[in-house]
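These are the residues of each chain, in order.
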Amino acid sequence: MGYSAAMTLTLYHHGSSVCAAKVRMQLAEKGLDWEGVYIDILKGEQFTPEFMKINPKAVVPSLIHEGRIINESTVICEYLDKVWPETSLHPADPYEYTKVRYWSKALDEALHPACGELTFAASHRHTVAKLGKEGLEKFLNSTPPISVTAGWHERKKELVRNGFGAPGAAEKVKLYDMYLHKMEEALTAGDWLVGDTFTHADVGLTPYVNRLAMMSMSGMWENGRLPRVAAWWDRIQARPSFKPMLLDWVPEDLTNDLRENGAKSWPEVAAILNINI
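Residues numbered from 1 in each chain as written. Predicted model: local features only at pLDDT ≥ 70, side-chain atom pairs only at ≥ 80, totals over all residues. Heavy atoms only, no water.

Asker: In this structure, what is going on with the environment of Gly132? I would like to understand it.
Answerer: Mapped onto the secondary structure, Gly132 falls in helix 5 (residues 132-141). Along the primary structure Gly132 and Ala58 are separated by 74 residues, whereas in three dimensions their C-alpha atoms are 22 Å apart. (Helix = DSSP H or I, 4+ residues; strand = E, 2+ residues; numbered from the N terminus.)

Next comes the structure, spelled out in structure tokens:
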């Protein structure tokens, strides 16, 4: 069966999900229309039986196209580029393609888990605390035994209860920072992460740098610390897809929580990274 751009794309997503933001930006950069089903992951809506039939890992995003379910944000973005190759954000040149895939692999294997830990330690633990004792325990216990990572069920509890005092949390902050330094090195070759062409690598990294910015942690690259990353970030924010796909979907109260909780946590993060503030 052939594919048509007229076919409905339905995206199950959440405002603060970095993975959902990546897919939203990819859709916008490709000029594709889509319908959204909003899943509030901070209220536990991802754990409903109805959604878990779509995504058994109880995470967003999920895409439905022509009745077919596609999960995992990187896979979704690659799928979109296969179905609509004329606007592909993956280079045709095999070697340039591998460079993009290196970034995607790094995001999925290393940076995404680090982002989840940093976000919960710095901000989300304060947000879900507003659910009350009973609501908080329900939230903590509703994660499937194997979800984001094999140990995420218990790890999330550690982070919510202990913040950056949780074992290994500081190391995740350092790993996050290491990838910012890798970006700085890659940007010596051009304006974008893979030379002078905007690619899926830039789409993929955008939500992770945006998460830091939303949590008042742009000091990780500002003030001359990583000048190429700072210039890249300015270029990213100037793209028409950025604000509507990255910022406008985040509820105002959550935006405020990320900013205010992150600002309170920034001194801890800066100390871990030996950044003077």
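Following the structure, the description resumes.
Asker: Please clarify how the sheet that holds strand 1 (residues 9-13) should be interpreted in this entry.
Answerer: Whenever strands of a sheet pair, they do so through backbone hydrogen bonds, lying parallel or antiparallel. As summarised here, the arrangement of the four strands in space is 2-1-3-4, forming an open sheet in which the pairing is mixed. One side of each edge strand has no neighbouring strand; the edge strands of this open sheet are strand 2 (35-38) and strand 4 (68-71). When strand polarity is set aside, the average angle formed by the axes of neighbouring strands in this sheet is 20 degrees. By the bridge criterion, four bridges tie strand 3 (residues 62-65) to strand 4 in an arrangement that is antiparallel. From the neighbouring strand, Leu63 faces strand 4, where its bridge partner is Ile70. (Pairing = 2+ DSSP bridges. Axes fitted to C-alpha atoms, helices over the stretch in contact; angles between N-to-C directions.)

Asker: Mind showing me how you'd approach the pattern of salt bridges here?
Answerer: Close approach of charged atoms allows side chains with opposite charge to pair. Counting across every chain of the model gives 14 salt bridges. Taking the shortest distance from any N to any O, the salt bridge between Lys243 and Asp248 comes out at 2.8 Å. Using a relative accessible area of 46% as the deciding quantity, one classes Asp248 as partly exposed. The salt bridge partner of Arg259 is Glu260, with a shortest N-O separation of 3.6 Å. Judged by relative accessible area, Arg259 falls into the partly exposed class, the value being 36%. Connected via shared salt-bridge partners are Glu117, Arg155 and Glu158. (Salt bridge = Lys/Arg side-chain N within 4 Å of Asp/Glu carboxyl O. Buried < 20%, exposed > 50% of the residue type's maximum accessible area, 1.4 Å probe, protein only.)

Asker: Can you help me understand the packing of helix 1 (residues 18-29) against helix 8 (residues 200-214) in this one?
Answerer: In a pair of packed helices, the angle between the axes and the distance between the axes together describe the arrangement. Running from N to C, helix 1 and helix 8 point in directions that differ by 135 degrees, and their axes come no closer than 9 Å. With respect to helix 8, the axis of helix 1 lies oblique. When the axes of helix 1 and helix 8 are compared, the crossing they make is right-handed. Counting all contacts with helix 1, which are made through Val18, Cys19, Ala21, Lys22, Met25, Gln26 and Glu29, the residues of helix 8 involved are His200, Val203, Gly204, Thr206, Pro207, Tyr208 and Arg211. (Parallel < 35°, antiparallel > 145°, perpendicular 65-115°, else oblique. Left-handed = near helix turned anticlockwise from the far one by under 90°. Contact = heavy atoms within 4.5 Å.)

Asker: Please clarify how the packing of aromatic side chains should be interpreted in this entry.
Answerer: Ring pairs (aromatic) are described by centroid distance and by the angle formed between their planes. Taken as a whole and assessed by the stated rule, the structure comprises seven aromatic pairs. Members of the aromatic cluster, each reached through a chain of ring pairs, are Trp221, Trp232, Trp233 and Phe242. Taking the ring centre of Tyr179 as reference, the NZ or CZ of Lys182 above it sits at 5.9 Å. The positively charged end of Arg235 is found above the aromatic ring belonging to Trp192, 5.6 Å away from the centroid. (Phe/Tyr/Trp six-rings, centres within 6.5 Å; stacked < 30°, edge-to-face > 60°. Lys NZ or Arg CZ within 6 Å of the ring centre and 35° of its normal.)

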